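Next come the chains, spelled out residue by residue.
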Amino acid sequence: MLGCLTLPFIQGLALLASILLGTMLHARESSKDKDKRKPCQVKDGTWLECPEPSSSGVSSDYVFRPADKAKKSKSPLVLLAGGPGQSASEGFIPLPPMIQDLSREYDLIFFNPRGTTGKSKLKCPSPETIDLKRITDRTYMADEAKSCLKSLGSRFNLSDFGTDASLADLDKIREELGYEKLSFYGVSYGTRLALRYAALYPDRTDKMVLEGVLPPHAFIGQDTYALEPVLKRLSTRCSEALPCAKAYGDVYESYQKLRSDFAKPRTLDANHPRTGKKTAITLDINMIDGMLLQLLYTEFDQTLIPAILHQASGGNLNPLIASSFSAVRSPFYEGLYFAIACTEDAPFFDSTKLDARTEEFLDICLSYPFKPSSAKIHDPVRGPWPTLLLSGELDPVTPPELIKSLKTDLTNAKHFVIPNKGHNVFYLRCVGNQIKEFFLDKKSDRNCEEQKQPLPFYIEETKR
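Rules and cut-offs
- Along each chain, numbering runs from 1 in the same order as the chain's sequence is written.
- Thresholds applied to this predicted model are a pLDDT of at least 70 for local features of residues and 80 or more for the giving and counting of side-chain atom pairs; totals over whole chains, interfaces and linings are not thresholded and use all residues.
- Heavy atoms throughout the structure, all of them, feed into the side-chain values; hydrogens and water do not.
- Numbering of helices and strands runs from the N terminus, with a helix taken as a DSSP run of H or I at least four residues long and a strand as a DSSP run of E at least two residues long.
- Burial status follows relative accessibility: with a 1.4 Å probe on protein chains alone, a residue under 20% of its type maximum counts as buried, one over 50% as exposed, and anything between as partly exposed.
- The contact rule is simple, with two residues in contact once any of their heavy atoms fall within 4.5 Å.
- Only the protein chains shown count as covering a residue, and every accessible area follows the Shrake-Rupley method with a 1.4 Å probe.
- By salt bridge we mean one thing: a side-chain nitrogen of Lys or Arg within 4 Å of a carboxyl oxygen of Asp or Glu.
- Nonpolar core, defined: a set of buried Ala, Val, Leu, Ile, Met, Phe, Trp, Tyr and Cys residues in which side-chain atoms within 4.5 Å join the residues together.
- Lines fitted to C-alpha atoms define the axes here, with helix axes fitted over just the stretch in contact, and angles between the N-to-C directions of these axes take values from 0 to 180 degrees.
- Should an angle fall under 35 degrees it is taken as roughly parallel, and over 145 as roughly antiparallel, whereas 65 to 115 is taken as roughly perpendicular and any remaining angle as oblique.
- Think of it as three bins: nonpolar holds Ala, Val, Leu, Ile, Met, Phe, Trp, Tyr, Cys and Pro, charged holds Asp, Glu, Lys and Arg, and polar takes everything else, Gly as well.
- One less than the residue count of a helix, multiplied by 1.5 Å, gives the span that helix is expected to have.
- For this quantity, the arc is that covered by the directions from the helix axis to the C-beta atoms.
- Polar contacts, as counted here, are pairs of nitrogen or oxygen atoms within 3.5 Å of one another; within protein the pair requires one atom able to donate a hydrogen and one able to accept it, and residues that are adjacent in sequence qualify only if both atoms are side-chain atoms.
- Criterion for a disulfide: a pair of cysteine sulfur atoms at a distance within 2.5 Å.

S.K.: Describe the overall build of the protein, listing the residues and the values that go with them.
M.R.: Secondary structure assignment for the protein yields 18 helices and 11 strands. Expressed as a percentage of its 464 residues, the buried residues of the protein come to 55%. A fraction of 77% describes how many contacts in the protein between residues 6 or more apart in sequence connect residues 24 or more apart. A total of about 20,400 Å² of accessible surface is found on the protein, and carbon and sulfur atoms cover 51% of it.

S.K.: Would you mind going over the pattern of salt bridges in detail, with residue names and values included?
M.R.: A complete count under the given rule lists 21 salt bridges for this structure. Linking Arg 37 and Glu 49 is a salt bridge whose minimum nitrogen-to-oxygen distance equals 2.5 Å. Of this pair, Arg 37 sits in strand S1 (residues 37-41) while Glu 49 is found in strand S2 (residues 47-51), placing the two residues 12 residues apart along the sequence. A salt bridge links Asp 101 to Arg 104; the shortest N-O distance between them is 3.1 Å.

S.K.: Account for the side chain of Lys 421, naming residues and giving values.
M.R.: Checked against the element boundaries, Lys 421 lands in the loop between strand S11 (413-418) and helix H18 (429-439). Judged by its relative accessible area of 3%, Lys 421 is buried.

S.K.: Outline unusual backbone geometry, supporting the account with residue identities and numerical values.
M.R.: Excluding glycine, residues mostly carry a negative phi; peptide bonds, for their part, are mostly trans. Between Gly 83 and the following residue, Pro 84, the backbone shows a cis peptide bond with an omega angle of 0 degrees. Inspection of the secondary structure assignment puts Pro 84 in the loop between strand S4 (77-80) and helix H2 (88-91). Omega for the peptide link from Ile 93 to Pro 94 comes to 5 degrees, which places this bond in the cis form. Relative to the assigned elements, Pro 94 resides in the loop between H2 and helix H3 (97-102). Backbone geometry at Asn 420 places phi at a positive 65 degrees, although glycine is not the residue there. Mapped onto the elements of the fold, Asn 420 is located in the loop between S11 and H18. Taking relative accessible area as the criterion, Asn 420 reaches 12% and is therefore assigned buried. Although it is not a glycine, Asp 441 adopts a positive phi angle of roughly 60 degrees. Structurally, Asp 441 is set in the segment after H18.

S.K.: With reference to specific residues and values, describe the nonpolar core.
M.R.: Residues Leu 158, Phe 184 and Phe 361 are the most contacted members of the largest nonpolar core, which totals 60 residues. The element contributing the most residues to this core is helix H15 (residues 334-344), with seven residues. Those residues in contact with Phe 361 that lie beyond four places of it in its chain are Ile 220, Tyr 337, Phe 338, Ala 341, Cys 342, Ala 346 and Phe 349. Membership of the second largest hydrophobic core comes to 41 residues, among which are Ile 135, Val 251, Leu 258 and Leu 295.

S.K.: Please set out the packing of helix H8 (residues 227-240) against helix H10 (residues 251-261) residue by residue, giving values where relevant.
M.R.: At their nearest, the axes of H8 and H10 sit 7 Å apart, and the two run at 140 degrees to each other. As the angle between them shows, H8 and H10 are arranged oblique. Contacts from Leu 227, Glu 228, Leu 231, Lys 232, Ser 235 and Cys 238 in H8 reach Val 251, Tyr 252, Tyr 255, Gln 256 and Arg 259 in H10. Among the residues forming the contact of H8 with H10, the class breakdown is six nonpolar, two polar and three charged.

S.K.: Describe helix H5 (residues 138-153), listing the residues and the values that go with them.
M.R.: Its 16 residues give H5 an end-to-end C-alpha distance of 22 Å, which sits within 8% of 22 Å, the value for a rise of 1.5 Å per residue. Among the residues of H5, those classed as buried are Arg 138, Ala 142, Ala 145, Cys 148, Leu 149 and Leu 152. Buried residues along H5 cover an arc of 120 degrees about the axis, so they all sit on one side. Across H5 from its buried face, at more than 90 degrees, point the exposed residues Thr 139 and Lys 150. For H5, the elements touching its buried residues are helix H4 (133-136), helix H11 (285-295), H15 and helix H16 (356-365).

S.K.: Would you mind going over the environment of Thr 191 in detail, with residue names and values included?
M.R.: Positionally, Thr 191 belongs in helix H7 (residues 189-200). Overall, the relative accessible area of 0% leaves Thr 191 in the buried class. The sequence separation of Thr 191 and Leu 389 amounts to 198 residues, and the corresponding C-alpha distance is 9.6 Å. With residues near it in sequence (within four places) discarded, Thr 191 still touches Gly 186, Leu 210, Glu 211, Gly 212, Val 213 and Leu 214.

S.K.: So, H7: which residues are in play, and what are the values?
M.R.: Taking 1.5 Å of rise per residue, the 12 residues of H7 would be expected to cover 16 Å, and the 17 Å separating its terminal C-alpha atoms lies within 8% of that figure. Among the 12 residues that make up H7, 10 are buried, leaving the element largely enclosed by the rest of the structure. Regarding H7, the residues found buried are Tyr 189, Gly 190, Thr 191, Arg 192, Leu 193, Ala 194, Leu 195, Arg 196, Tyr 197 and Ala 198. Taken together, the buried residues of H7 touch S4, helix H6 (163-177), strand S6 (182-187), strand S7 (205-211), H15 and helix H17 (404-409).

S.K.: Lay out the environment of Glu 344 in plain terms, naming residues and giving numbers.
M.R.: Structurally, Glu 344 can be placed in helix H15. It is 5.3 Å that separates the C-alpha atoms of Glu 344 and Ser 373, two residues lying 29 residues apart in sequence. When near neighbours in sequence (up to four residues on either side) are disregarded, Glu 344 contacts Gly 162, Thr 163, Asp 164, Arg 192, Ser 373, Ile 377 and His 378. In terms of polar contacts, Glu 344 uses its side chain to reach the backbone amide nitrogen of Thr 163, at 2.6 Å.

S.K.: Which residues make up the state of the cysteines, and what values go with them?
M.R.: Think of a disulfide as a covalent bridge from one cysteine sulfur atom to another cysteine sulfur atom. For the coordinates displayed, the defined rule picks out four disulfides. What pairs with Cys 40 in a disulfide is Cys 50, and their sulfur atoms sit 1.9 Å apart. Across the S-S bond of Cys 40 and Cys 50 the torsion is about 70 degrees, and the bridge reads as right-handed. Of this pair, Cys 40 sits in strand S1 while Cys 50 is found in strand S2, placing the two residues 10 residues apart along the sequence. What makes Cys 50 buried here is its relative accessible area of 18%. Residue Cys 342 pairs covalently with Cys 365 via a disulfide, S to S 2.0 Å. Handedness of the Cys 342-Cys 365 disulfide follows from its S-S torsion of about -75 degrees: it is left-handed. Highlighted residues: Cys 342 in helix H15 and Cys 365 in helix H16, separated in sequence by 23 residues. A relative accessible area of 5% places Cys 342 in the buried class. The exposure class of Cys 365 is buried, given its relative accessible area of 7%.

So, in structure tokens, the structure goes:
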């Protein structure tokens, strides 16, 4: 799943008090254009600009931040969050330093796709007190997903929330705001949005920075799953670090033991991470894999993997369960995840690559009468737009290997793989500077090799 995207740059940064909307309206905008947006206060207390609520039903929306400079940007920077199931106004606020620096020159459009905004949010119920079955029992989770789709489907046609529909909304926003072209910073599924916009509206696309790239040919749920390759690399790195190797031995061997022990579902007692009470749970290897995948998104969580796998292979799964239970993710609309993945990806899965995990996913999709999208959404995207492609070497969901053909199709693209990093990399200072220089048309020879040194693995006190 791409949806559980951790954005490590969210550090509680506030925008400068000088961002007062009344002093930052652009001279080139007509009073009519201004009246379409009203001051609005976002979650960190910052005042930005929001459009009037739509009365036309299901649609996308946005939040707008004018550049510090009085002159209107030639092309605004559109921020596209991941998922599918995340909104930019929730995922990118507070602003990370890199984007805050760019906002001096660029107008910012925080784009919120259909299903993440207003009365059409495709949010599944999530009680405050969570039962462990919600993160350990795959059958229970699948039933919950089906129930959610049934409930949402009684209010919406879930086939109306696709990528192309949202991008048609975005192009209307571009037109209303008076821009000829758009520039993009997209993360994860946000890269599909950017690439698809470029394919549909090539003359209206300026430049793109794409991080954690989901290329057009890749299917969410089938191709976005590089668990074992990342575990093997972490195992090799642990074996080369004496403290880790001494404490935990062969990490991949520990994982293989788990695969053997939980090839079939097993019931066991676990401590509830919040209450400490013994709770009976049922686990199989598919569920364990899903929990491990969530811990591979960030480099920090990856440092815990040798200790967690060592404990789990010895019969203590409490650290794995606690880590999965407490993982902090950006707001995520599960219904939108399925509305997109079940219409744009699942219908085109390679039947020769189906396994228990993907078959469960297809079963959820079949619980609602989704209408498959056009297969054209997976056509190659070719063009000369200046593009910067960024990948973490240890990205478990959009690995660098996925974009081999994309690098050829985008004739003016550069690709950088950041060693030893996970799904997000732009919080790193060097990478952030690289992105700024790209958007500001400054020549740069940065390759961010200084980021190669990984964080050390966590070593339990008793094993030091």
